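Listed here are the chains, written in short residue letters.
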Amino acid sequence: MLETLGNAPLPVVILVSGRGSNLEALIAARDRGLPIAILAVICDHADAPALALARAQSIPTQVLSKAAHPDRTDYDAALARMIDALHPRLIVLAGFMRLLSTDFVNRYLGKLINIHPSLLPAFPGLHTHRRALEARVKEHGASVHFVIPAMDAGPIVSQVRVPVLANDTADTLAQRVLSQEHRLYPATLRLLWEARVQWHQGRVLFDGQVLESPLQLTAAENDHFI
Ligand code: GAR
């Protein structure tokens, strides 16, 4: 459980693999007053655009490539050493596309959060937008959830819903969902900083009560949840 931090920013480590648009949105939100301190960005690909983004903002970066640790257990142990040396209160997965081992996830249970481009539990895994179109769903979106030892699973904190349009392609739908992810993640991190959202024994508490269904980000400009 994250205790309230008073006015101090929430110290986070952000894990990325590629483009880094969610990272960029979090940095922009921080610059507009979201109380997070980005201790470091850790990436599994040395050439990821996300790393350049972080460096341009003078955020410390670290690379942990699969080549250096081909064995998953070794990789996750090295990742844990990197993270522990930074003492974050929260580990933020922002397009980190590696499966994390059970031991790793259990070590950070309640302190590990992920954003996924679907209305979980629908469409875990890859190609969510294409699969949403194939399934002819009317609504798609994104979810922020605490991570448990299963892919794209774990107690869901918040979601944003995006209508599927008749002429959508996977790309147009992905773009509209992504722009909403960029609202959802900062707004959710604010709730965590405020300790309005907390992990408690495998469930999400919101204002001290068990959250029965995910918070829904409104479509309005100011980031409110219902
Ligand atoms: C985002 O759409 C994020 O939700 C997704 O990867 C993309 C990363 O984009 N994550 C997952 O699919 C996790 N299962 P970004 O690098 O531009 O933030």
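Scroll up a little and you will see the structure.
Quantities reported herein were computed from a predicted structural model and do not represent experimental measurements. (Residues numbered from 1 in each chain as written. Predicted model: local features only at pLDDT ≥ 70, side-chain atom pairs only at ≥ 80, totals over all residues. Heavy atoms only, no water.)

Draft legend 1. Structural view of the site of the ligand. Looking at the ligand, the residues that line it are Arg19, Gly20, Ser21, Asn22, Gly95, Met97, Ile115, His116, Pro117, Asp152, Leu178 and Glu181. Contact distances for the ligand include 2.6 Å between an oxygen atom and a side-chain N or O atom of Arg19. In the environment of the ligand, an oxygen atom lies 3.5 Å from a nitrogen or oxygen atom belonging to the backbone of Ile115. Contact with the protein chains removes 88% of the 450 Å² of surface that the ligand exposes when unbound. Considered class by class, the residues forming the shell around the ligand number four nonpolar, five polar and three charged. (Near = heavy atom within 4 Å. Polar contact = N/O pair within 3.5 Å; in protein donor to acceptor, adjacent residues only side chain to side chain. Areas by Shrake-Rupley, 256 points an atom, 1.4 Å probe, with all protein chains shown as cover. Nonpolar A, V, L, I, M, F, W, Y, C, P; charged D, E, K, R; others polar.)

Draft legend 2. Focus on the packing of aromatic side chains. For the structure on display, the rule yields two aromatic pairs. Look at Phe146 and Trp199: their rings are 5.3 Å apart centre to centre, the planes differ by 65°, and that puts the pair in the edge-to-face class. Of the two residues, Phe146 sits in strand β6 (residues 139-146) while Trp199 sits in strand β8 (residues 197-200), which places them 53 residues apart along the sequence. When the ring centre of Tyr75 is taken as reference, the NZ or CZ atom of Arg98 above it lies at 3.6 Å. (Phe/Tyr/Trp six-rings, centres within 6.5 Å; stacked < 30°, edge-to-face > 60°. Helix = DSSP H or I, 4+ residues; strand = E, 2+ residues; numbered from the N terminus. Lys NZ or Arg CZ within 6 Å of the ring centre and 35° of its normal.)

Draft legend 3. The arrangement of helix α1 (residues 21-31) in detail. Among the residues of α1, Ser21, Asn22, Leu23, Ala25, Leu26, Ile27 and Ala29 are the ones counted as buried. Looking at the packing, one finds that the buried side of α1 touches β1 (10-16), β2 (36-43), α2 (49-56), β4 (90-93), β5 (112-116) and α6 (170-193). (Buried < 20%, exposed > 50% of the residue type's maximum accessible area, 1.4 Å probe, protein only. Contact = heavy atoms within 4.5 Å.)

Draft legend 4. Summary view of the environment of Gly202. Looking at the secondary structure, you find Gly202 in the loop between β8 and β9 (203-206). With relative accessibility at 35%, the residue Gly202 sits in the partly exposed group. It is 27 Å that separates the C-alpha atoms of Gly202 and Ala40, two residues lying 162 residues apart in sequence.

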